[in-house]
Amino acid sequence: MTPAPLTPYCSGKRDQGFTLAEMAIVLLILGLLASSLLPPLSARMDERGRQTTAARLQDIEHALIGFAILHGRLPCPSTEADPASAHYGLEQTPPCNHAQPGFLPWRTLGLTAVDAWGQPRSNVSDSWDGHWRYRPDPGLSDSTITAASATQSNIQIRDHAGNAITTLSASRAAAVVFSMGANRQPDGLNATHSPNVPTFQAGETTPVFDDQVLWIGLPLLISRLAQAGRL
């Protein structure tokens, strides 16, 4: 007997994948999930950048004190703007010129030129975003440091409210270095340069302030030089 022909099975359900509406819903859900992860990820990246910058500032402090032990003074800032110049990244020849904002002489100290957010410059027209700002006291950079050395420029460090962190009458800050932070620009008091009355701002990160500031106190500097047998 001849078997009856097989009848194709039909489940009544489509077998053509997702519709456009379903795909849109899936993409919307994925987008919402991704957006919920972005703020924590951004915060983690920013915190990592601040930790990296803080570690580099510690290296800078050690390098500045090491330079003072070797040479008996702090280095002058670097002000050469042309990356093609042989003097780029090197300290000025003392006496230091503070007529314009100075940058850390990173090549003199054997350090990186920038913080966690900066990029090296290749042209004279490039911005200084991310490069370390640096200001030493002229009494400690233009002449040999002794046990009796005193600060001359009265470098001031203040908090967000304008309160003095260093003493007002005779600041004991020997030098200041700061990172311009993730926004790559100096904030607060750090945005204003003064050749004669240098004032800087330090403090916690706020929506309008993200600079990271390091200053070396004169007592610490004198102590390190004495320990090294320099005084």
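First, a word on what this report is: a plain description of the structure on this page. Predicted model, so just to flag it, every value in this text is computed and none were measured. (Residues numbered from 1 in each chain as written. Predicted model: local features only at pLDDT ≥ 70, side-chain atom pairs only at ≥ 80, totals over all residues. Heavy atoms only, no water.)

## Regarding the overall build of the protein chain
Next, step 1: When helices and strands are counted, the protein chain shows four helices and five strands.
Next, step 2: Along the protein chain, from the amino end to the carboxyl end, the secondary structure elements read α-α-β-α-β-β-β-β-α.
Next, step 3: Per-residue burial for the protein chain yields a buried fraction of 37% across its 231 residues.
Next, step 4: Within the protein chain, contacts between residues at least 6 apart in sequence are counted, and of these 64% link residues at least 24 apart.
Next, step 5: Here the protein chain displays about 13300 Å² of accessible surface, and carbon together with sulfur accounts for 58% of that area. (Helix = DSSP H or I, 4+ residues; strand = E, 2+ residues; numbered from the N terminus. Buried < 20%, exposed > 50% of the residue type's maximum accessible area, 1.4 Å probe, protein only. Contact = heavy atoms within 4.5 Å. Areas by Shrake-Rupley, 256 points an atom, 1.4 Å probe, with all protein chains shown as cover.)

## Re the packing of aromatic side chains
Next, step 1: Within this structure, the stated rule accounts for four aromatic pairs.
Next, step 2: Here Phe178 and Phe200 contribute two aromatic rings whose centre-to-centre distance is 6.1 Å and whose plane-to-plane angle is 55°, an arrangement assigned as tilted. Taken together, the residues span a long stretch of sequence, with Phe178 in strand S3 (residues 173-179) and Phe200 in strand S4 (residues 199-201) at a distance of 22 residues. Both residues of the pair, Phe178 and Phe200, belong to the buried class.
Next, step 3: Lying across the ring of Trp128, Arg121 places its NZ or CZ 4.0 Å from the centre. (Phe/Tyr/Trp six-rings, centres within 6.5 Å; stacked < 30°, edge-to-face > 60°. Lys NZ or Arg CZ within 6 Å of the ring centre and 35° of its normal.)

## Quick notes on the nonpolar core
Next, step 1: Counting residues in each nonpolar core, the largest one holds 23 residues, and the members touching the most others are Leu64, Leu74, Leu104, Val177 and Leu221.
Next, step 2: For this core, the secondary structure elements donating two or more residues are helix H1 (20-71), S3, strand S5 (212-217) and helix H4 (218-227).
Next, step 3: Among the elements that line this core, the one with the most residues is H1, at seven residues.
Next, step 4: Not counting residues up to four positions away in its chain, the partners in contact with Leu104 are Ile60, Leu64, Ser78, Leu109, Leu111, Trp132, Tyr134 and Val177.
Next, step 5: Counting residues in hydrophobic clusters, the runner-up holds nine residues, among them Ile155, Met180, Phe200 and Ala202. (Core = buried A, V, L, I, M, F, W, Y, C linked by side-chain atoms within 4.5 Å.)

## A closer look at the environment of Ser171
Next, step 1: Structurally, Ser171 is set in the loop between strand S2 (156-158) and S3.
Next, step 2: A relative accessible area of 0% means that Ser171 is categorised as buried.
Next, step 3: For the pair Ser171 and Thr151, spaced 20 residues apart in sequence, the C-alpha separation works out to 7.2 Å.
Next, step 4: Residues in contact with Ser171, not counting those within four places in the same chain, are Thr151, Asn154, Ile155, Gln156 and Thr166.

## A short note on the layout of surface pockets
Next, step 1: If you add up the space inside the largest pocket, you get close to 220 Å³.
Next, step 2: Lining the largest pocket are 20 residues; nearest its centre among them are Pro101, Arg133, Phe178, His193 and Phe200.
Next, step 3: Class assignment of the residues belonging to the lining of the largest pocket gives a composition of nine nonpolar, nine polar and two charged. (1 Å grid on protein atoms, 1.4 Å probe; cavity = no way out; pocket = protein on both sides within 12 Å on 5 of 7 lines; lining within 4 Å. Points joined across faces, edges and corners; volume = space filled by probe spheres on them. Nonpolar A, V, L, I, M, F, W, Y, C, P; charged D, E, K, R; others polar.)

## Some words on the side chain of Glu61
Next, step 1: Within the secondary structure layout, Glu61 lies in helix H1.
Next, step 2: The charged side chain of Glu61 is buried without a salt bridge, its nearest counter-charge being Arg224 at 5.5 Å.
Next, step 3: In this view, Glu61 contacts Leu214, Ile216 and Leu220; residues no more than four positions away in its chain are not counted. (Lys, Arg positive; Asp, Glu negative; His and termini not counted. Salt bridge = Lys/Arg side-chain N within 4 Å of Asp/Glu carboxyl O.)

## Description of the environment of Pro77
Next, step 1: Following the sequence through the fold, Pro77 ends up in the loop between H1 and helix H2 (106-109).
Next, step 2: Sequence separation between Pro77 and Leu90 is 13 residues; the distance between their C-alpha atoms is 7.9 Å.

## Digging into the pattern of salt bridges
Next, step 1: Scanning the entire structure with this criterion turns up one salt bridge.
Next, step 2: The salt bridge involving Glu91 is made with Arg73; its shortest N-O contact spans 2.9 Å. One end of the pair, Glu91, is in the loop between H1 and H2; the other, Arg73, is in the loop between H1 and H2, with 18 residues separating them in the sequence. Arg73 carries the same exposure label as Glu91, and that label is buried.

## What about the environment of Ala161?
Next, step 1: Summarising the element assignment, Ala161 is placed in the loop between S2 and S3.
Next, step 2: Owing to a relative accessible area of 64%, Ala161 belongs among the exposed residues under this scheme.
Next, step 3: As for Ala161 and Gly203, which are separated by 42 residues in sequence, their C-alpha atoms are 9.8 Å apart.

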